[in-house]
Amino acid sequence: MIARLLILVARGWQLGPSLILPPTCRYQPSCSAYAIEALRRYGAARGSWLAAKRIARCGPWGGHGYDPVP
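What counts and how
Residues numbered from 1 in each chain as written. Predicted model: local features only at pLDDT ≥ 70, side-chain atom pairs only at ≥ 80, totals over all residues. Heavy atoms only, no water. 1 Å grid on protein atoms, 1.4 Å probe; cavity = no way out; pocket = protein on both sides within 12 Å on 5 of 7 lines; lining within 4 Å. Points joined across faces, edges and corners; volume = space filled by probe spheres on them. Helix = DSSP H or I, 4+ residues; strand = E, 2+ residues; numbered from the N terminus. Nonpolar A, V, L, I, M, F, W, Y, C, P; charged D, E, K, R; others polar. Salt bridge = Lys/Arg side-chain N within 4 Å of Asp/Glu carboxyl O. Buried < 20%, exposed > 50% of the residue type's maximum accessible area, 1.4 Å probe, protein only.

S.K.: Tell me about the layout of surface pockets, residues and numbers included.
M.R.: Put simply, the largest pocket is a space of about 400 Å³. Forming the walls of the largest pocket are 16 residues, and the residues nearest its centre are W13, S18, C25, S30 and S32. Of all the secondary-structure elements, those providing two or more residues to the lining of the largest pocket are α1 (2–15) and α3 (31–57). Residue composition of the lining of the largest pocket, grouped by class: 11 nonpolar, 5 polar and no charged.

S.K.: Quick one: what's the story with the pattern of salt bridges, residue by residue and with numbers?
M.R.: Oppositely charged side chains can form a pair if their charged atoms are brought close together. In the structure shown here, the tally under the stated rule is 3 salt bridges. Between R41 and E37 there is a salt bridge whose closest N-O contact spans 2.6 Å. Pair noted here: R41 and E37 are both in helix α3, with a separation of 4 residues, about one helical turn. In this structure R41 comes out as partly exposed when scored by relative accessible area, which is 45%. In this structure, the salt-bridge partner of D67 is R54, at a minimum N-O distance of 3.6 Å. Remark: R54 occurs in helix α3 and D67 occurs in the segment after β2 (65–66); sequence separation between them is 13 residues.

Have a look at this one:
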C-alpha cells in the first residue's frame with residue numbers, strides 16, 4: 001500500500017514537473033522510472049532505499065549511462 005502511494009508520487013513527477021523542466025537525466029532509465037520499477041520489484045522499504053541511492057548518484061559528480069534496477 002505504501003509502495004503504491006510512492007509510485008503515484010513518482011508518476012506525478014513524470015506527468016507534472018518533469019514535463020516542464022528541461023531533461024537532465026544522466027542515467028537510463030530515468031530516476032523516476034527507476035524508482036517505480038524498484039518499488040514494484042522490492043516494495044516500499046528496499047525500493048525507496050534503492051531509489052534514494054540512485055537519486056544521490058544523479059549529480060555532476062556521479063556517473064552516467066545504463067543503470068538498471070538490480
